[in-house]
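Here are the chains, one letter per residue:
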Amino acid sequence: MLALITGATSGIGKASAELFAKNGIDLIVTGRRQERLDALTEQLRREFNIQVLSLCFDVRNLKEVEKAIGSLADNYKNIDILLNNAGLASGLSPIQDGDIEDWDKMIDTNVKGLLYVTKMVAPLMINSKKGHIINIGSIAGKETYANGNVYCASKHAVDALNKGMRIDLLPHGIKVSSINPGMVETEFSIVRFHGDTDRAKKAYEGMQPLTAADIAETIYWVATRPAHVNINEVIIMPTVQANSTTVIRKN
Ligand code: NDP
Ligand code: 8X3
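Residues numbered from 1 in each chain as written. Chains lettered and ligands numbered in written order. Predicted model: local features only at pLDDT ≥ 70, side-chain atom pairs only at ≥ 80, totals over all residues. Heavy atoms only, no water.

Concerning the site of ligand 1
Near ligand 1, the surroundings consist of 29 residues, among which Thr9, Ser10, Arg32, Tyr151 and Thr186 are the closest. A distance of 2.7 Å separates an oxygen atom of ligand 1 from a polar atom in the side chain of threonine 9. Between an oxygen atom of ligand 1 and a main-chain N or O atom of asparagine 85, the distance comes to 2.8 Å. Burial of ligand 1 by the protein chains amounts to 96% of its free accessible area of 880 Å². Among the secondary structure elements, those contributing two or more residues to the shell around ligand 1 are α1 (11-22) and α5 (149-169). Each residue belonging to the shell around ligand 1 can be placed in one class, and the counts come to 11 nonpolar, 12 polar and 6 charged. (Near = heavy atom within 4 Å. Polar contact = N/O pair within 3.5 Å; in protein donor to acceptor, adjacent residues only side chain to side chain. Areas by Shrake-Rupley, 256 points an atom, 1.4 Å probe, with all protein chains shown as cover. Helix = DSSP H or I, 4+ residues; strand = E, 2+ residues; numbered from the N terminus. Nonpolar A, V, L, I, M, F, W, Y, C, P; charged D, E, K, R; others polar.)

Following this line, the structure appears as structure tokens:
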């Protein structure tokens, strides 16, 4: 088995790479931070004795995506699982105060980046008449919350693409699933708040968020159902979070 994971340098992508590797799945790990990719590749090879290829590219850059995935050697073309995970929130402002650069970043990464990677990998799966695309959506793709406007829109787009891809790829025997988490403590909030770690920490104050490993376990479970079973979508929340805005916190 071979999986390509976008955004494997941190959080959910990294935890998924580790769990997949532990279960003997060969990997193509991607992200923009070369040093982290190098460290992860070395760790996975050493600990789990699997084949690992790292590809350093920005999912927003179509040329980079085409070059990286288009130049895969034959032994890395047989991708069984594509985990479309790379994504981010940037900023948390009312629509009238939103930063256009933040908006572009979210739409270009979460929507267009996911599309670019899928456009390159889906034909490989169609060729081999099998495959499973797992899209990381969010509770923000199911609901909207104050100041979440563009991030929510980008994840609603992922939700629609997840459904659309499933229809289009059905004749080719390719499974399509989405995992839609609530609050997961990763680098997500640090990125959302532009590096303000104190503000990021506050997001999880007094409550127990999900961990990246919790999501990786769910992804692995979805990826390993029998051939005739597809999990269309999963919504997974911390026990203390009912929806985007209702969270029980201890003082
Ligand atoms: P992290 O910030 O920890 O990880 C994000 C990953 O995405 C990193 O590996 C980063 O790698 C990669 N990435 C971001 N932008 C790009 C880009 N332009 N090109 C290539 N890779 C990129 O956050 P999470 O693990 O939490 O996020 C993973 C996914 O989960 C995202 O899609 C997010 O929206 C979603 N999600 C997160 C939730 C949470 O509460 N944490 C809840 C619901 C969904 P690098 O910087 O090296 O490029
Ligand atoms: C991340 C979860 O609630 O911050 O997608 O939007 S939330």
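Some points on the packing of helix α3 (residues 62-70) against helix α4 (residues 100-128)
Packing of α3 against α4 leaves a shortest axis separation of 9 Å and a crossing angle of 25°. One way to sum up the angle between α3 and α4 is to call them roughly parallel. For the pair α3 and α4, the crossing hand works out as right-handed. Residues Leu62, Val65, Glu66, Ile69 and Gly70 of α3 form the contact with α4, whose own contacting residues are Tyr116, Val117, Met120, Val121 and Leu124. Broken down by class, the residue content of the contact of α3 with α4 amounts to 8 nonpolar, 1 polar and 1 charged. (Axes fitted to C-alpha atoms, helices over the stretch in contact; angles between N-to-C directions. Parallel < 35°, antiparallel > 145°, perpendicular 65-115°, else oblique. Left-handed = near helix turned anticlockwise from the far one by under 90°. Contact = heavy atoms within 4.5 Å.)

Thoughts on the site of ligand 2
With respect to spatial proximity, the complete set of residues near ligand 2 consists of Ser138, Ile139, Ala140, Tyr145, Tyr151, Phe188 and Arg192. The fraction of the free accessible surface of ligand 2 (240 Å²) that becomes covered by protein chains is 86%.

Honestly, it's all geometry; don't read function into it.
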